[in-house]
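Read off the chains here:
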Amino acid sequence: MYALMALIFVFGYLCIALEHPLKVDKAASALLTAVLAWTVLVLGADSILPMLEAGSHAADNTGLVVGELRHHLGEISEILFFLMGAMTIVELIDAHEGFKVITDRIRTNKRVHLLWLIGLITFFLSAALDNLATTIVMISLLRKLVDDQKERWFYAGIVVIAANAGGAWSPIGDVTTTMLWIGNQVTASGIVVKLIIPSIICLLVPLTIMSFILKGTITPPKVKVSRESRRDPTSPFERNLVFCLGLGALLFVPIFKTITHLPPYMGILFGLGVLWVTTEIIHRSKNSEDKDPLSVVGVLRRIDVTSVLFFLGILLAVSSLSTAGHLTQVATYLKDSLGNVYTIAMSIGLLSAVVDNVPMVAGAMKMYPLVSPEALAAASPEEVSWLSNFVVNGNFWEMLAYCAGTGGSILIIGSAAGVAAMGMEKINFIWYVKYISGLAFAGYIAGALSYIALFAL
């Protein structure tokens, strides 16, 4: 039964990785993997669970497994509610065309200037929103600025690198960083201070290299003027108000957590509630046809529910391996074979270019439990140097946040931002490997080495 659980997880993981060839949505594979893994665990609890005392009864074992499932589901739901609240706020801003505040201010036609503008705007916008939403916004902007599709691919590649780098140093910029923040492995202030420089370096290296390649000016697309052009759904006041409130709600979450010590999803739900009431008030005089697409109720239909179900499935599947003891074995193996937390984190980052970084980080969080100050104080001198990497804001957690966030840029299928860009622009996988992967890898290594130089040596 113990080996069967691992087999189920590996098979499910392969189905997730081969989502496009199999034409089966990864959310379905993740949910089935989770249910099957927990089913095998509860049926074989007597032989699987290492922490059970000899002579325990089957009924006791079943109750223990169910209790563990409820415990893990409580932790996972915090992440899911946070993501749903954040996704709703971003969709609400987009429905009001709030991102025009940024996009309408880009007017340059010089290739290098546009490259740096796109890269830096994406970097900082991703830290405030998230890398997926930012990529969608910036790719939509590029279509209005660059006519030639192949040339647009170069800028889209930089958008992927910048979005992932920007999300890595913010507690709300990337799903994996959010997971570490909600799990108390890192604090908002700690991750911003420690990772902003490596993340900037991760972006600056590709931008600098690309500056020597791109020359001249771009050809903007021809603007088609239509007499029957659709009127704007919102006024400039409404657009700016929703943009400022939405961005403020996202940025307020870490402050809310610091003041109240409540979980982050409470802060995001508070921001969503304020935005919901505000939009109901400013649109109350409009007819239902105009009001519905601009309301939270209307926007909720556009939320990517399949992504939420994927996170639920994969996190539940990983938690089943944690309960059974598989991840403890893997953690011991990595410690014995690699022996260095930075090498382990960088290896996870490189693997996240091939497979989804969410289960990679979820697995690492379960493999290496958070070490409390009391446990560190009670440890032997030989253990202190290793265990100190796993305290709150420990070097391993910060390095993991950086590596898992930015390593996905190396391949276009390695991150949500890359997959979104690939779908929107029909970017060829081999083209990305040929022209962008090397840039992303150079930035990834440079940022990782800068973190080690600044905080580990």
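Residues numbered from 1 in each chain as written. Predicted model: local features only at pLDDT ≥ 70, side-chain atom pairs only at ≥ 80, totals over all residues. Heavy atoms only, no water.

Helix and strand counts for the protein chain come out as 25 helices and zero strands. For 457 residues, the compact-globule estimate of 2.2 N^0.38 gives 23 Å, and the protein chain sits close to it at 23 Å. Across its three principal axes, the protein chain shows a C-alpha extent of roughly 80 × 55 × 45 Å. Pairs at least 24 apart in sequence give 78% of the contacts found in the protein chain among residues at least 6 apart. Here the protein chain displays about 20900 Å² of accessible surface, and carbon together with sulfur accounts for 66% of that area. Distance from the positive charge centre (30 side chains) to the negative charge centre (32 side chains) of the protein chain: 14 Å. (Helix = DSSP H or I, 4+ residues; strand = E, 2+ residues; numbered from the N terminus. Rg over C-alpha atoms; globule rule 2.2 N^0.38 Å. Contact = heavy atoms within 4.5 Å. Areas by Shrake-Rupley, 256 points an atom, 1.4 Å probe, with all protein chains shown as cover. Lys, Arg positive; Asp, Glu negative; His and termini not counted. Charge placed at Lys NZ, Arg CZ, Asp CG, Glu CD.)

The next thing to look at is helix α7 (residues 111-128). Helix length check: α7 (18 residues) gives 26 Å between terminal C-alpha atoms against 26 Å at 1.5 Å per residue, within 8%. Every buried residue of α7 is accounted for by Leu114, Leu115, Ile118, Gly119, Thr122, Phe123, Leu125, Ser126, Ala127 and Ala128. Taken together, the buried residues of α7 touch α6 (100-103), α8 (131-145), α9 (149-168), α11 (188-211) and α12 (236-260). (Expected span 1.5 Å × (residues − 1). Buried < 20%, exposed > 50% of the residue type's maximum accessible area, 1.4 Å probe, protein only.)

Moving on, we get to the nonpolar core. Counting 135 residues, the largest nonpolar core has Tyr368, Phe396, Trp397 and Met399 as the members making the most contacts within it. For this core, the element with the most residues is helix α5 (residues 58-95), which contributes 13 residues. Non-local contacts of Trp397, meaning those with residues more than four positions away in its chain, are made with Leu180, Gln185, Val186, Ala364, Met365, Tyr368, Pro369, Leu370, Asn389, Phe390 and Val391. (Core = buried A, V, L, I, M, F, W, Y, C linked by side-chain atoms within 4.5 Å.)

Let us now look at the packing of aromatic side chains. Considering all chains together, one arrives at 21 aromatic pairs under this definition. Here Trp431 and Tyr435 contribute two aromatic rings whose centre-to-centre distance is 5.2 Å and whose plane-to-plane angle is 40°, an arrangement assigned as tilted. Residue Trp431 and its partner Tyr435 are located together in helix α24 (residues 429-435), separated by four residues, close to a single helical turn. On the basis of relative accessibility, which here comes to 36%, the residue Tyr435 falls in the partly exposed class. Aromatic side chains Tyr451 and Phe455 sit 5.1 Å apart centroid to centroid with 50° between the ring planes, which places their arrangement in the tilted category. Residue Tyr451 and its partner Phe455 are both found in helix α25 (residues 437-455); the two are separated by four residues, about one turn of the helix. Among the aromatic residues, ring-to-ring pairing joins Tyr368, Trp386, Phe390, Phe396 and Trp397 into one connected group. Above the ring of Phe310, the side-chain terminus of Lys26 is found at 4.6 Å from the ring centroid. (Phe/Tyr/Trp six-rings, centres within 6.5 Å; stacked < 30°, edge-to-face > 60°. Lys NZ or Arg CZ within 6 Å of the ring centre and 35° of its normal.)

A separate point is the packing of α11 against α25. It is at 8 Å that the axes of α11 and α25 come closest, and there the two elements cross at 145°. Seen along the crossing, α11 lies across α25 with a hand that is right-handed. Contact residues: Lys194, Leu195, Ile197, Pro198, Ile201, Cys202, Val205, Pro206, Ile209 and Met210 in α11; Leu439, Ala442, Gly443, Tyr444, Ala446, Gly447, Ser450, Tyr451, Leu454 and Phe455 in α25. When its residues are assigned to classes, the contact of α11 with α25 shows 16 nonpolar, three polar and one charged. (Axes fitted to C-alpha atoms, helices over the stretch in contact; angles between N-to-C directions. Left-handed = near helix turned anticlockwise from the far one by under 90°. Nonpolar A, V, L, I, M, F, W, Y, C, P; charged D, E, K, R; others polar.)

Moving on to the layout of surface pockets. Computed from the structure, the second largest pocket encloses a volume of approximately 530 Å³. Phe9, Leu327, Val330, Met360 and Met367 are the residues nearest the centre of the second largest pocket, which is lined by 19 residues in total. Residue assignment for the lining of the second largest pocket shows that the elements contributing at least two residues are α1 (2-17), α16 (305-324), α17 (326-337), α18 (341-351) and α19 (357-367). By residue class, the composition of the lining of the second largest pocket is 16 nonpolar, three polar and no charged. (1 Å grid on protein atoms, 1.4 Å probe; cavity = no way out; pocket = protein on both sides within 12 Å on 5 of 7 lines; lining within 4 Å. Points joined across faces, edges and corners; volume = space filled by probe spheres on them.)

This paragraph deals with the confidence of the model for the protein chain. Caution applies to low-pLDDT regions: their predicted coordinates should not be interpreted in detail. Averaged over all residues, the pLDDT of the protein chain is 84; the fraction at 70 or higher stands at 94%. In the predicted structure, residues 51-58 sits below a pLDDT of 50 and forms seven contacts with residues beyond four places in sequence or in another chain. Residue range residues 225-229 is modelled with pLDDT below 50. Its contacts to residues more than four positions away, or to other chains, number zero contacts. (pLDDT = per-residue confidence, 0-100.)

Time to look at the pattern of salt bridges. The tally for this structure, following the rule as stated, stands at ten salt bridges. Residue Lys366 is joined to Glu75 by a salt bridge in which the shortest nitrogen-to-oxygen separation is 3.3 Å. Of this pair, Lys366 sits in helix α19 while Glu75 sits in helix α5, placing them 291 residues apart in sequence. Accessibility expressed as a relative area gives 23% for Lys366, which makes it partly exposed. Owing to a relative accessible area of 35%, Glu75 belongs among the partly exposed residues under this scheme. Through salt bridges with shared partners, a single ionic network connects Glu91, Asp94 and Arg302. (Salt bridge = Lys/Arg side-chain N within 4 Å of Asp/Glu carboxyl O.)

On to unusual backbone geometry. In this model, Asn184 sits at a positive phi of 70°, which is unusual for a non-glycine residue. As for its position among the elements, Asn184 is in the loop between α10 (175-182) and α11. Owing to a relative accessible area of 39%, Asn184 belongs among the partly exposed residues under this scheme. Despite not being glycine, Lys426 has its phi angle at roughly 55°, a positive value. Summarising the element assignment, Lys426 is placed in the loop between α23 (416-425) and α24. For Lys426, a relative accessible area of 60% gives the class exposed.

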